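In case you want the letters, here they are:
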Amino acid sequence: MPPVQIKDNIYCVGAVDWDIRNFHGYSTERGTTYNNFLIVDDKVALFDTVKRPFQSEMLHNIRRIIDPAKIDYLIVNHLELDHSGSLPETVEAVKPEKIFCSTKGKEAMLEHFHRDDWPIEAVKSGDELSLGKRTVQFIETRMLHWPDSMFSYIKEDRLLISSDAFGQHWATTERFDDEVDEHELLRHAAKYFANILLPYSPLILKLIDAVTEMGLEIDMIACDHGLIWRKNPGKIIEAYAKWSKQEPAKKAVIIYDTMWSSTQTMAKAICDGLQQEGVGVKMANLEYTHRSDVLTELLDAKAIIVGSPTLNNGMLPTVADILTYIKGLRPANRIGAAFGSYGWSGEAVKNITLALEGMNIEVVDPGVKVKYVPDHEGLRPCVELGKKIGAAINESIQA
Ligand code: FEO
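Residues numbered from 1 in each chain as written. Predicted model: local features only at pLDDT ≥ 70, side-chain atom pairs only at ≥ 80, totals over all residues. Heavy atoms only, no water.

**A short note on the overall build of the chain**
Okay, so step 1: Along its length, the chain carries 12 helices and 22 strands.
Okay, so step 2: Its C-alpha atoms put the chain at 80 × 40 × 35 Å along the principal axes.
Okay, so step 3: The buried share of the chain, reckoned over its 399 residues, is 58%.
Okay, so step 4: Across the chain, the fraction of contacts at a sequence separation of at least 24, relative to all contacts at a separation of at least 6, is 72%. (Helix = DSSP H or I, 4+ residues; strand = E, 2+ residues; numbered from the N terminus. Buried < 20%, exposed > 50% of the residue type's maximum accessible area, 1.4 Å probe, protein only. Contact = heavy atoms within 4.5 Å.)

Below is the structure:
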């Protein structure tokens, strides 16, 4: 990706990763980008770096604008290695006067790179750094996405450099929101939120309130992944506020795996019952649906219904995987139930129910088990389960 000027003398100098398909368990089927930003002012500042394999590409981009040795300051908004991986090579090329990061960032930088000879200076929320015509204001954003994370706000340009927040894993040659399909952009942003930021929803709401109170004028959000928001940055802030509130819609997701199709047949009967109650349903067969796509569907779903046949006195490994993944992402205000076929022991439904309870999902039914292969009568309890969950969804949404 060539450097792209995003404001006067402010450039995106990062790289596109077309090939990445797995981002610690998140399916990045459309790749991603590592955006970082260069401001050329009386003082020259580089905000974040890129993942290490892309360091040459980033330094080449910088050289197309300015000699890297002329960079005065490195500003490290986030230490995760997709942004800081090229820091050692960058420090070597730049020999910065200062490296600014948060207090937690300083700890993390030393724990990652073990270079106490670097000129690291910790900053805190509200601290300002003058670059000449521009001022950088630092805003700590702990846990968005790591304890060290922070935003850099450029007052004079009304530009928020937002690190991981507001990003999307989507590799494109376009760099701005108005250059791509808005629906697709928001779908990628929703997937990113559901799979990375959902556990931190309460913190995001507080941050949005704090930023509103600070009265920051924002006419561009330059995030470290995906497209930069310049057409309507308020749109993604509104979406974050909505997703963070975790007020799901009249929708259920039926997540299941199946051995000899019995559990799948049950899933379809449950879907039938939900439809009879006027509830929208997404079916997620784990053989074909990646865990990160399941989470995208869960983002606005009130009910999480999980099915597995019993295998060796437990559930199928794919179902254990998705339950572990969902638990870590801490969806709130959800209801759920379990179902599954069995041959002789039949522990899967009980174990799934316990797992749902363990993640504070309100279990509205003890669950439905069917021995071996359900016939028409055997499917009746499944339809009834769907109707019962549908009624509970309708009641909770109206309440
Ligand atoms: Fe894109 Fe938390 O790193």
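**Points about the packing of aromatic side chains**
Okay, so step 1: If you walk through the whole model with that rule in mind, you get nine aromatic pairs.
Okay, so step 2: With a centroid separation of 4.9 Å and an interplanar angle of 80 degrees, the aromatic rings of phenylalanine 193 and tyrosine 240 are classed as edge-to-face. Taken together, the residues span a long stretch of sequence, with phenylalanine 193 in helix α5 (residues 182–197) and tyrosine 240 in helix α7 (residues 233–245) at a distance of 47 residues. The same class applies to phenylalanine 193 as to tyrosine 240, namely buried.
Okay, so step 3: Aromatic rings pair up to connect Phe151, Phe166, Phe193, Tyr240 and Trp243 into one cluster.
Okay, so step 4: Over the face of the ring belonging to phenylalanine 176 we find arginine 230, whose NZ or CZ atom lies 3.8 Å from the ring centre. (Phe/Tyr/Trp six-rings, centres within 6.5 Å; stacked < 30°, edge-to-face > 60°. Lys NZ or Arg CZ within 6 Å of the ring centre and 35° of its normal.)

**A look at the sheet that holds strand β14 (residues 150–154)**
Okay, so step 1: What the five strands build is an open sheet, ordered β12-β13-β14-β15-β16; its pairing is mixed. Taken across any chain shown, the strands that pair with only one partner, and hence form the sheet edges, are β12 (128–130) and β16 (220–223). On average, each strand axis in the sheet is inclined to that of its neighbour by 20 degrees, with strand direction left out of account.
Okay, so step 2: Summarising the sheet, β14 and strand β15 (residues 159–163) pair through three bridges and their orientation is antiparallel. Following the sheet pairing, isoleucine 154 is matched in β15 by leucine 159. (Pairing = 2+ DSSP bridges. Axes fitted to C-alpha atoms, helices over the stretch in contact; angles between N-to-C directions.)

**Structural notes on unusual backbone geometry**
Okay, so step 1: Backbone geometry places histidine 24, a non-glycine residue, at a positive phi of 30 degrees.
Okay, so step 2: Phi angles above zero are rare outside glycine, and serine 261 is one such case at about 80 degrees.
Okay, so step 3: Summarising the element assignment, serine 261 is placed in the loop between β17 (249–256) and α8 (262–276).
Okay, so step 4: Owing to a relative accessible area of 36%, serine 261 belongs among the partly exposed residues under this scheme.

**Regarding the pattern of salt bridges**
Okay, so step 1: According to the stated counting rule, one finds 27 salt bridges in the structure shown.
Okay, so step 2: Arginine 52 is paired through a salt bridge with glutamate 89; the nearest N and O atoms lie 2.5 Å apart. Taken together, the positions of arginine 52 in the loop between β8 (44–47) and α1 (55–63) and glutamate 89 in helix α3 (residues 87–94) put the pair 37 residues apart, joining distant regions of the chain.
Okay, so step 3: We classify glutamate 89 as buried; its relative accessible area is 16%. (Salt bridge = Lys/Arg side-chain N within 4 Å of Asp/Glu carboxyl O.)

**Observations regarding helix α10 (residues 317–329)**
Okay, so step 1: The end-to-end C-alpha distance of α10 is 19 Å, a good match for the 18 Å that 13 residues give at a rise of 1.5 Å each.
Okay, so step 2: Among all positions in α10, only Val319, Ile322, Leu323, Tyr325, Ile326 and Leu329 are buried. Take α10 and look down its axis: the buried residues cluster within an arc of 165 degrees, on one side only. The exposed residues of α10 that point more than 90 degrees off its buried face are Pro317 and Thr324.
Okay, so step 3: Where α10 is buried, its residues meet β5 (26–27), α5, β17, α9 (291–298), β19 (301–307) and α11 (348–358).
Okay, so step 4: Positive backbone phi, at 50 degrees, marks arginine 330, one or two positions downstream of α10. (Expected span 1.5 Å × (residues − 1). Arc of directions from axis to C-beta.)

**Remarks on the nonpolar core**
Okay, so step 1: Counting residues in hydrophobic clusters, the biggest one holds 89 residues, and the most contacted among them are Met109, Tyr240 and Ile255.
Okay, so step 2: Looking at this core, the element that brings in the most residues is α5, giving eight residues.
Okay, so step 3: What isoleucine 255 contacts, discounting residues up to four positions off in sequence, is Ala284, Leu286, Val294, Leu298, Ile304, Ile305, Val306, Gly307, Ile322, Ile326 and Phe339.
Okay, so step 4: Core analysis: the second largest hydrophobic core is formed by 27 residues, Tyr73, Val136, Ala171 and Met220 among them. (Core = buried A, V, L, I, M, F, W, Y, C linked by side-chain atoms within 4.5 Å.)

**Some points on the pairing of strand β22 (residues 368–371)**
Okay, so step 1: Burial along β22 is one-sided: the residues Val368 and Val370 are buried and none of Lys369 and Lys371 is.
Okay, so step 2: Sheet topology note: the strand β20 (residues 335–342)/β22 ladder contains four bridges and is parallel. If you follow tyrosine 342 over to β22, its bridge partner there is lysine 371.

**Structural notes on a nonpolar patch on the surface**
Okay, so step 1: On the surface, Met259, Trp260 and Leu311 cluster together into a nonpolar patch covering about 360 Å² of accessible area.
Okay, so step 2: Its location among the elements puts leucine 311 in the loop between β19 and α10.
Okay, so step 3: Residue classification places leucine 311 among the partly exposed residues on the basis of a relative accessible area of 30%. (Patch = residues over 30% accessible without salt bridge, like charges linked within 9 Å, V, L, I, M, F, W, Y side chains within 5 Å. Areas by Shrake-Rupley, 256 points an atom, 1.4 Å probe, with all protein chains shown as cover.)

**Observations concerning the sheet that holds β8**
What holds strands together in a sheet is hydrogen bonding between their backbones, with the strands either parallel or antiparallel.
Okay, so step 1: In spatial order, the strands read β1-β2-β7-β8-β9-β10-β11; together these seven strands make up an open sheet with mixed pairing. Each edge of the open sheet carries a strand with a single partner, namely β1 (4–7) and β11 (120–123). Strand-to-strand twist across the sheet, computed as the mean angle between neighbouring axes with direction ignored, equals 25 degrees.
Okay, so step 2: In this structure, strand β9 (residues 73–75) lies alongside strand β10 (residues 98–102), joined through three bridges in parallel fashion. The residue bridging isoleucine 75 from the neighbouring strand is phenylalanine 100, located in β10.

**Looking at the environment of methionine 259**
Okay, so step 1: Mapped onto the elements, methionine 259 comes out in the loop between β17 and α8.
Okay, so step 2: As for methionine 259 and leucine 311, which are separated by 52 residues in sequence, their C-alpha atoms are 8.9 Å apart.
Okay, so step 3: Not counting residues within four places of it along the chain, the set of residues in contact with methionine 259 comprises Pro309, Thr310, Leu311 and Leu316.

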